[in-house]
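In case you want the letters, here they are:
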Amino acid sequence: TCLKTPPLAELTDKSHTAHGTMASPTVTTLGLQTVFYLVFAVIAYFVESGQEFKWHTASELRWVILDTFVLIFIYGLFRFREGMTKDVYDLESKKDTPEEPLVPENVPAIIRNAERSAGNTAEQLPLFVLSMWLYGCVRPVTAGVMGGIELILIAVYPILYGFGKKHGKFLPASTIPRYIMNEYMAVASIMTIFGLTRTAAAASSP
């Protein structure tokens, strides 16, 4: 008995129907990003009332500078950890010899943890640095504090990622707050630069 294969047209119709019910990732991302930025803009309009965008002294920016230094240290640590993890377990030897290297069973998970810890830090590093330094020209102390919180969240990323076949369920606790803080600092800085926040006179009037 041979299996009956559905006609090609039927498979195509089903494929189109399935894809037709799915929202475009680009459109969805653009919509969500726009909504988030509008929300941040409304918050910044009130929170950054009366603030000015100006270059501060090195002393005033010391916490932002310290955060930048610690970020470089953590990123370098994660990158070295990624390289050394691959080197120690020497998985490339499998391609050259039939002998299996003596490694733990969860080596793929260990390597995946090291790769994603370094990769995620690299992905968010430009936005983190730029937004923190921009916001440092508005509220240097607050920017330093928010940067410090982000550093803690970056440092716990490998722990929250875990060493299972899938990443840990609490991983978003490390990533989502960072996205929120980075994007708020960027939006608040632009709002302040262009004078789009509520004026001090409007804030003090009854």
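Note that this is a predicted model, so its numbers are computed, not measured. (Residues numbered from 1 in each chain as written. Predicted model: local features only at pLDDT ≥ 70, side-chain atom pairs only at ≥ 80, totals over all residues. Heavy atoms only, no water.)

On to the packing of aromatic side chains. Note on aromatic pairs: each is described by the distance of the centres and the angle between the planes. Using the criterion set out here, one finds five aromatic pairs in the structure. Between Phe 40 and Tyr 184 the ring centres are 6.3 Å apart and the planes differ by 85°, which places this aromatic pair in the edge-to-face class. Of this pair, Phe 40 sits in helix H2 (residues 25-47) while Tyr 184 sits in helix H8 (residues 172-193), and the two are 144 residues apart along the sequence. A single burial state applies to Phe 40 and to Tyr 184, both of which are buried. Cluster of aromatic residues (ring-pair linked, three or more members): Phe 40, Tyr 135 and Tyr 184. (Phe/Tyr/Trp six-rings, centres within 6.5 Å; stacked < 30°, edge-to-face > 60°. Helix = DSSP H or I, 4+ residues; strand = E, 2+ residues; numbered from the N terminus. Buried < 20%, exposed > 50% of the residue type's maximum accessible area, 1.4 Å probe, protein only.)

Counting residues in each nonpolar core, the largest one holds 24 residues, and the members touching the most others are Phe 128, Met 132, Tyr 135, Met 146, Ile 154 and Tyr 184. For this core, the secondary-structure elements that each account for two or more residues are H2, helix H3 (62-89), helix H5 (107-136), helix H6 (140-155) and H8. For this core, the element with the most residues is H8, which contributes six residues. Met 146 has contacts with Tyr 135, Met 181, Tyr 184 and Met 185, leaving out every residue within four places of it along the chain. (Core = buried A, V, L, I, M, F, W, Y, C linked by side-chain atoms within 4.5 Å. Contact = heavy atoms within 4.5 Å.)

Turning next to the packing of H2 against H8. Their axes nearest at 9 Å, the elements H2 and H8 cross at an angle of 60°. Relative to H8, H2 is oriented oblique. Classified by chirality, the crossing of H8 by H2 is right-handed. Each of Gln 33, Phe 36, Tyr 37, Phe 40, Ala 41, Ile 43, Ala 44, Tyr 45 and Val 47 in H2 lies in contact with H8, whose residues at this interface are Ile 180, Glu 183, Tyr 184, Val 187, Ala 188 and Met 191. The residue makeup of the contact of H2 with H8, split by class, is 13 nonpolar, one polar and one charged. (Axes fitted to C-alpha atoms, helices over the stretch in contact; angles between N-to-C directions. Parallel < 35°, antiparallel > 145°, perpendicular 65-115°, else oblique. Left-handed = near helix turned anticlockwise from the far one by under 90°. Nonpolar A, V, L, I, M, F, W, Y, C, P; charged D, E, K, R; others polar.)

Overall, the coordinates contain five salt bridges when judged by the stated rule. Close ionic contact of Glu 82 with Lys 86 constitutes a salt bridge, the shortest N to O distance being 3.8 Å. In this pair, Glu 82 and Lys 86 both sit in helix H3, four residues apart, roughly one turn of the helix. A relative accessible area of 13% places Glu 82 in the buried class. Taken together, the salt bridges that share partners define one network made up of Arg 79, Glu 82, Lys 86 and Glu 115. (Salt bridge = Lys/Arg side-chain N within 4 Å of Asp/Glu carboxyl O.)

For H6, built from 16 residues, the straight-helix expectation of 22 Å at 1.5 Å per residue is met to within 8% by its first-to-last C-alpha distance of 22 Å. Of all the positions in H6, only Pro 140, Ala 143, Gly 144, Met 146, Gly 147, Glu 150, Leu 151, Leu 153 and Ile 154 are classed as buried. (Expected span 1.5 Å × (residues − 1).)

Attention shifts here to the side chain of Thr 175. On the secondary structure map, Thr 175 appears in helix H8. If we skip the residues at most four places from it in the chain, Thr 175 touches Asn 120, Gln 124 and Tyr 157.

Direction vectors running N to C along H5 and H8 enclose 35°, while the axes themselves pass 8 Å from each other. Here H5 and H8 pass one another in a crossing that is left-handed. Mapping the contact onto sequence places Asn 120, Gln 124, Leu 127, Phe 128, Ser 131, Met 132, Leu 134 and Tyr 135 in H5 and Thr 175, Arg 178, Tyr 179, Asn 182, Glu 183, Tyr 184, Met 185, Ala 186, Ala 188 and Ser 189 in H8. Tallied by class, the residues present in the contact of H5 with H8 amount to 10 nonpolar, six polar and two charged.

Let's shift gears to the confidence of the model for the protein. The pLDDT averaged across the protein works out to 86; a share of 79% of its residues lies at or above 70. The weakest mean pLDDT in the protein belongs to helix H1 (residues 8-20) at 49; the strongest belongs to H6 at 98. A low-confidence stretch, residues 11-15 stays under pLDDT 50, and its non-local contacts, those more than four residues away or across chains, total one contact. (pLDDT = per-residue confidence, 0-100.)

Quick look at a nonpolar patch on the surface now. A cluster of nonpolar side chains, contributed by Leu 32, Val 35, Phe 36, Tyr 37, Val 39, Val 42, Ile 43, Tyr 45, Phe 46 and Val 47, occupies part of the molecular surface with about 860 Å² of accessible area. The residue Leu 32 is located in helix H2 in this model. Accessibility expressed as a relative area gives 47% for Leu 32, which makes it partly exposed. (Patch = residues over 30% accessible without salt bridge, like charges linked within 9 Å, V, L, I, M, F, W, Y side chains within 5 Å. Areas by Shrake-Rupley, 256 points an atom, 1.4 Å probe, with all protein chains shown as cover.)

Locating Ser 59 in the fold gives a position in the loop between H2 and H3. Sequence separation between Ser 59 and Pro 140 is 81 residues; the distance between their C-alpha atoms is 9.8 Å.

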